[in-house]
Amino acid sequence: MNDFDVDLFVIGAGSGGVRAARIAANHGARVTVAEEYRVGGTCVIRGCVPKKLLVYAARFADDFEDAAGYGWTVPKPVFDWPTLIANKDREIARLESAYVANLERSKVKIVRSRAVLEDAHRVRLVATGEIIRARTILIATGGWPHPGADIAGLEHVISSNEALDLEALPRRILIQGGGYIAVEFAGIFRGLGSEVTLVYRGDNILRGFDDDVREHLRTEMEKRGIRILTRRLVEAVEKVDHGLCVSLSDHETVMVDKVMFATGRRPNVAGLGLEQAGVELNDKGAIKVDRFSRTSVPNIYAVGDVTDRVNLTPVAIREGHAFADTVFGGRETVVDHSDIPTAVFSEPEVGVIGLTETEARERYRHVDIYKSSFRAMKMTLAGRDTRCFFKLVVDGESDRVLGCHIVGPDAGEMIQLVGIAIKMNATKADFDRVMAVHPTAAEELVTMRTKAASYVREAAE
């Protein structure tokens, strides 16, 4: 007699959970997925996808302006925020339906309820009180925006979740944060016509990225009229008759219509019953897992942002797939978290993979740097004052390319392809042997020949 109702119970129908459920079901497992909100998770519903649609919308402002240099006469464009949001919502609904259809096609049962662990094998559905016995449990509940310190007026602050559904475009907005989400939304709101102030506690935006990338992007954002205030924090937000009065740590006050905090995300683990099931968390509040995504409880696994390894949608998908292949497909699969290409859909766009210059110099004895900054061909007739930036970080002893950093149009598209070469351990000589595609910005990757810098660390005596 089978003691379990299902072979796999997945808590969370985001990118990682959906992929794990589908692959496990295709391997023959009986699978149920519980989702308390909408199928698709952060990326599809309130993250990557709707945000990228808003990025596209914001970029049209430049296109209309640049067209004049190419002989086009374009009437003064008029932007309508409610139309954009309504069209975005329709696309998100379409994608959610596609996710549901794919799960149903794989014979995965979807339960619209919050799910809580009762113990290592039993899950309670909050909506009905039903208890489901599962042989294996996967937690894929993702992350959630963290507002930071409990300041006065925090109730007036929105996160990226609410920013995607505002009733009207704010005339003035202050964004606190310096990571992906902060710089992306700064570009979105500025492109759509808002006055944007970006406040960040660190010395420069995009902490953890290459320093040249950080400086280049900041310069370009400031050229676009985004006011960037570093080494500062928001200390209070007060609602007044004509907007929100924001008090900063340097005693400056800024008047705006909206305040958005993009100060990081935390693993979404509250109220899941992890403690009674024996699932351990690390010091950052994330679920501790091994290389197979197994938690401290042998039959309970976790993938995606809830584990706080590499918080990117494609990583969650790969981890979910690897879990299903390992547990239900009879094929042990470990995800390689090194050299992951990633993009920041700021304006201009950023694409990176591998080591920064600082990281390389700490790990390797001899590091060579190749970099180039130039005005893209399209901008010459457009008359726009913006520059691209390309950088290769190379091991001076093996000639292997350790990192690639791009700032400019289509950087995300380029870094996806560069990622293949770097995962194959391509050398600088391999890049040099490739014939340039002219005229393109990407040809810079294979035509940089002169070292911008070379660092050799002497061995300790």
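Relevant structure appears above.
Rules used throughout
- Residues numbered from 1 in each chain as written.
- Predicted model: local features only at pLDDT ≥ 70, side-chain atom pairs only at ≥ 80, totals over all residues.
- Heavy atoms only, no water.
- Helix = DSSP H or I, 4+ residues; strand = E, 2+ residues; numbered from the N terminus.
- Expected span 1.5 Å × (residues − 1).
- Bend = angle between axes of the 7 residues up to and from the residue.
- Buried < 20%, exposed > 50% of the residue type's maximum accessible area, 1.4 Å probe, protein only.
- Contact = heavy atoms within 4.5 Å.
- Axes fitted to C-alpha atoms, helices over the stretch in contact; angles between N-to-C directions.
- Parallel < 35°, antiparallel > 145°, perpendicular 65-115°, else oblique.
- Left-handed = near helix turned anticlockwise from the far one by under 90°.
- Nonpolar A, V, L, I, M, F, W, Y, C, P; charged D, E, K, R; others polar.
- Pairing = 2+ DSSP bridges.

J.: Can you help me understand helix α12 (residues 411-423) in this one?
T.: Residues lying three or four places apart along an α-helix face the same way, a consequence of the helix completing one turn every 3.6 residues. Counted at 1.5 Å a residue, the expected span for α12 with its 13 residues is 18 Å, and the 18 Å between its end C-alpha atoms agrees. The principal kink in α12, of about 25°, is found at L417. For α12, every residue scored as buried is listed here: A411, G412, M414, I415, V418, G419 and I422. Buried residues in α12 make contact with β18 (342-344), β19 (350-354), β21 (388-395), β22 (401-407), α13 (428-433) and α14 (444-447). Immediately downstream of α12, the backbone of N425 shows phi near 65°, a positive value.

J.: Sorry, what's going on with the packing of helix α1 (residues 15-26) against helix α9 (residues 313-327) here?
T.: Packed helix pairs are specified by the crossing angle of their axes together with the interaxial distance, meaning the distance between the axes. Remark: α1 packs on α9, axes separated minimally by 7 Å, with the N-to-C direction vectors making an angle of 25°. On the basis of their axis angle, the class for α1 and α9 is roughly parallel. Every pair of crossing elements has a handedness; the one defined by α1 and α9 is right-handed. When α1 is examined against α9, the residues S15, G16, R19, A20, I23 and A24 are found in contact with a partner set consisting of T313, A316, I317, G320, H321, F323, A324 and D325. Here the residues of the contact of α1 with α9 sort into seven nonpolar, five polar and two charged.

J.: Help me understand the sheet that holds β18 in this model?
T.: Each strand in a sheet pairs with another by means of backbone hydrogen bonds, the pair being arranged parallel or else antiparallel. Taking strand neighbours across the sheet as the criterion, the six strands line up as β18-β19-β22-β21-β20-β23 in an open arrangement whose pairing is antiparallel. A single partner strand is all that each edge strand has here, and the edge strands are β18 and β23 (453-456). Each strand of the sheet is rotated relative to its neighbour by a mean of 15°, with strand direction disregarded. Inspection of the sheet shows β19 paired to β22 by five bridges, in the antiparallel sense. Residue pairing for β22: V352 is matched across the bridge by H405. In this fold helix α7 (residues 211-223) packs onto β19, β20 (366-374), β21 and β22, with an angle of close to 175° to the strand it touches most, β21.

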